[in-house]
Amino acid sequence: MSDETRPLPRIRARGRSFLALVLSPEAELDDWLRGLDAQIARSPSFFVGKPIILDLGLLAGDAEGLAELYPALLERGVRIIGIEGADPDWPAVAGWDWPMAFEGGRAAGTVELPDEDTDGTAPAAVQPAGPPSALVVEGPVRSGQSVQNPDGDVVVIGSVASGAEISAGGSVHVYGTLRGRAIAGMGGQTGARIFAGVMKAELLAIDGYYMIAEEIDPALNGRSAQAMLEDDTLVVRPLN
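Residues numbered from 1 in each chain as written. Predicted model: local features only at pLDDT ≥ 70, side-chain atom pairs only at ≥ 80, totals over all residues. Heavy atoms only, no water.

A.B. asks: Outline the sheet that holds strand S10 (residues 194–199), listing residues and values.
C.D. replies: Here we have 6 strands laid out as an open sheet, ordered S4-S6-S8-S10-S13-S14, and mixed in their pairing. Looking at the sheet topology across the chains shown, the edges are occupied by strand S4 (135–138) and strand S14 (233–238). Strand-to-strand, the axes of this sheet are offset by a mean angle of 25°, without reference to chain direction. (Pairing = 2+ DSSP bridges. Helix = DSSP H or I, 4+ residues; strand = E, 2+ residues; numbered from the N terminus. Axes fitted to C-alpha atoms, helices over the stretch in contact; angles between N-to-C directions.)

A.B. asks: Quick one: what's the story with the packing of aromatic side chains, residue by residue and with numbers?
C.D. replies: Overall, the coordinates contain 2 aromatic pairs when judged by the stated rule. Pairing Tyr-70 with Trp-96 gives two aromatic rings, centres 5.2 Å apart and planes at 20°, and the pair type is stacked. Placement of Tyr-70 in helix H2 (residues 66–75) and of Trp-96 in the loop between strand S3 (79–84) and S4 is noted, with a sequence separation of 26 residues between them. This pair shows no difference in class: Tyr-70 is buried, exactly as Trp-96 is. Site record: aromatic cluster; members linked through ring pairs are Tyr-70, Trp-96 and Trp-98. (Phe/Tyr/Trp six-rings, centres within 6.5 Å; stacked < 30°, edge-to-face > 60°. Buried < 20%, exposed > 50% of the residue type's maximum accessible area, 1.4 Å probe, protein only.)

See below:
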């Protein structure tokens, strides 16, 4: 079989979420770095291997010590994957190795810095692992909104508008009308499903297998339905 007649392989894409820490230095930078050194002394491994975004939004372009900030962080083992809140044309940062910017991230709340290193000689208390938690959304998800739960299911007690997106490591449950995009099984869960009280989805995806609106059986449009994987094929079946 020639290359021209050989069937093209189906391309798979998966979502994967990582937690990046955002550091926001403040003037005076010498004092801020001393505070960082104290934190590292209390918990030497806390920043090791973690992706860090450096937010300079609290600093002016002529802040004292700004030029030395980036190399000082690198010397402390802080791994910077992005810089925001500053202009690369500022003279103080002109010599920095400016990482490529990341887009689409959402704030995930304040991260509590540990008072001591949990990798030290004192063992940390270990809680038994429980089942993945579901994220419950009370009300509609409007156009342009994005809801993510990479560690479990997403349950929407309402409808999902066109242009909205629901992403889950487990299954997606929409009790109203699903008009937007629903992505389930982000972490490779082939058994994940997408349930919709009224199926009018723009896009469905499970474990990297995608189906757009035009590929959904028109007979299922506006009906209660579920999407699942069968033999590496995404299928949509009626619920009643």
